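In case you want the letters, here they are:
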Amino acid sequence: MHIHRLEKIWLGIGISMLAIFLIVLGTMAFSMGMAPPSQHHHTIDPAKVSETAPFDKPGLIQTGDKRYEAVMVAYAFGYEPAEKLEVPAGSTIDFMVTSSDVVHGFAIVGTNVNMMIEPGEISHVSHTFDKPGEYLLLCNEYCGTGHEYMATTIVVK
Amino acid sequence: MPKKEEPSLKGAFASVLILGAFILISWLGVFALYLIRN
């Protein structure tokens, strides 16, 4: 089969771009652990969220030096715990979130934290908050008439 | 049978390079945003 010289060049460029993108993504996912959230698969009965540990006591628990675990429940239209989450700057929070009703979003503005919270599933994500300030955590999946009120704040001091 | 002359693909080549540059720049932009926010 005859291939034009210029065609060979652009095919070469296309294939090497694909190879580079895949190598970068593969390296980050497998050796640096920078994968999308929800790599751990856990399920829960959505009708019994308030009776199932640890979601019966949602809140922020310190698990180590500058390491916290936030157990949260998304519901129409808010998040539990309702009060602001406060951590010192440089802290890493491991979020563990589920929904007690419909599909919700879980996005922290200005960070890579962006998850879908589905009833029956437990979503996990971790983020290190280096800069002090107030971080807006909001629902970005339309969940009903009060969707725009569904938000909370993380305070990093 | 007489040999056919090769068609000129210069225009197509230029278009492919422009499209390739657009994809590369978009990808790098999104990737940089991901790294900055991490």
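Residues numbered from 1 in each chain as written. Chains lettered and ligands numbered in written order. Predicted model: local features only at pLDDT ≥ 70, side-chain atom pairs only at ≥ 80, totals over all residues.

### Focus on helix H1 (residues 5-30) of chain A
For H1(A), with 26 residues, the first-to-last C-alpha span of 37 Å sits near the 38 Å given by 1.5 Å per residue. The element H1(A) is barely covered by neighbouring structure, given that only zero of its 26 residues are classed as buried. (Helix = DSSP H or I, 4+ residues; strand = E, 2+ residues; numbered from the N terminus. Expected span 1.5 Å × (residues − 1). Buried ≥ 20, exposed ≤ 12 C-beta atoms within 10 Å, placed from the backbone.)

### A closer look at the confidence of the model for chain B
Here chain B shows a mean pLDDT of 87. Residues at 70 or above account for 92%. Both scores are given for the predicted complex: the pTM is 0.75, the ipTM 0.73. (pLDDT = per-residue confidence, 0-100.)

### Quick notes on the domain arrangement of chain A
We note that the domain assignment places domain 1 (1-35) and domain 2 (46-156) within chain A. The centre of domain 1 of chain A, based on its C-alpha atoms, is set 37 Å off from the matching centre of domain 2 of chain A. (Domains from an automatic or database assignment.)

### Digging into the pairing of strand S7 (residues 114-117) of chain A
Side chains A:Met115 and A:Ile117 project from S7(A) onto a buried face, and the interleaved A:Asn114 and A:Met116 project onto a face without burial. Counted between consecutive antiparallel strands, the loop separating strand S6 (residues 104-108) of chain A from S7(A) contains five residues, among which A:Gly110 sits at a positive phi close to 85°. (Pairing = 2+ DSSP bridges.)

### Examining the interface of chain A and chain B
Listed per partner, the contact involves eleven residues of chain A and ten residues of chain B. Classifying every residue of the side of chain A that touches chain B gives five nonpolar, five polar and one charged. (Contact = placed C-beta atoms within 7 Å. Nonpolar A, V, L, I, M, F, W, Y, C, P; charged D, E, K, R; others polar.)

### Quick notes on the pairing of S6(A)
All names here are of chain A. Residues His104, Phe106 and Ile108 line the buried face of S6, whereas the alternating positions Gly105 and Ala107 sit on a face that is not buried. Sheet analysis places S6 next to S7, joined by four bridges and oriented antiparallel. Residue pairing for S7: His104 is matched across the bridge by Ile117. Where S6 lies against strand S9 (residues 133-138), two bridges are found, and the strand directions are antiparallel. Opposite Ile108, over in S9, you have Leu137 as the bridge partner.

### Some points on the sheet that holds strand S10 (residues 151-156) of chain A
All names here are of chain A. Strand order in the open sheet made by the five strands is S4-S10-S9-S6-S7, with mixed pairing throughout. The open sheet has two edge strands, strand S4 (85-87) and S7, and neither has a second partner. Going across the sheet, the axis of each strand differs from the next one's by a mean of 20°, ignoring polarity. Pairing analysis gives six bridges linking S9 to S10, with the strands arranged antiparallel. (Axes fitted to C-alpha atoms, helices over the stretch in contact; angles between N-to-C directions.)

### Let's talk about the environment of A:Met17
Of note, A:Met17 is situated in helix H1. Its 14 C-beta neighbours within 10 Å are what place A:Met17 among the partly exposed residues. Among all residues touching A:Met17, those that are not within four sequence positions of it are B:Gly20 and B:Leu24.

### Describing unusual backbone geometry
All names here are of chain A. At the junction of Ala76 and Phe77, the peptide bond is cis and its omega measures out at 10° in the coordinates. Along the chain, Phe77 turns up in the loop between strand S2 (67-75) and strand S3 (78-80). At the junction of Glu80 and Pro81, the peptide bond is cis and its omega measures out at 0° in the coordinates. Tracing the backbone shows Pro81 in the loop between S3 and S4. Phi at Lys66 is positive, roughly 55°, even though this residue is not glycine. Along the chain, Lys66 falls in the loop between strand S1 (59-64) and S2.

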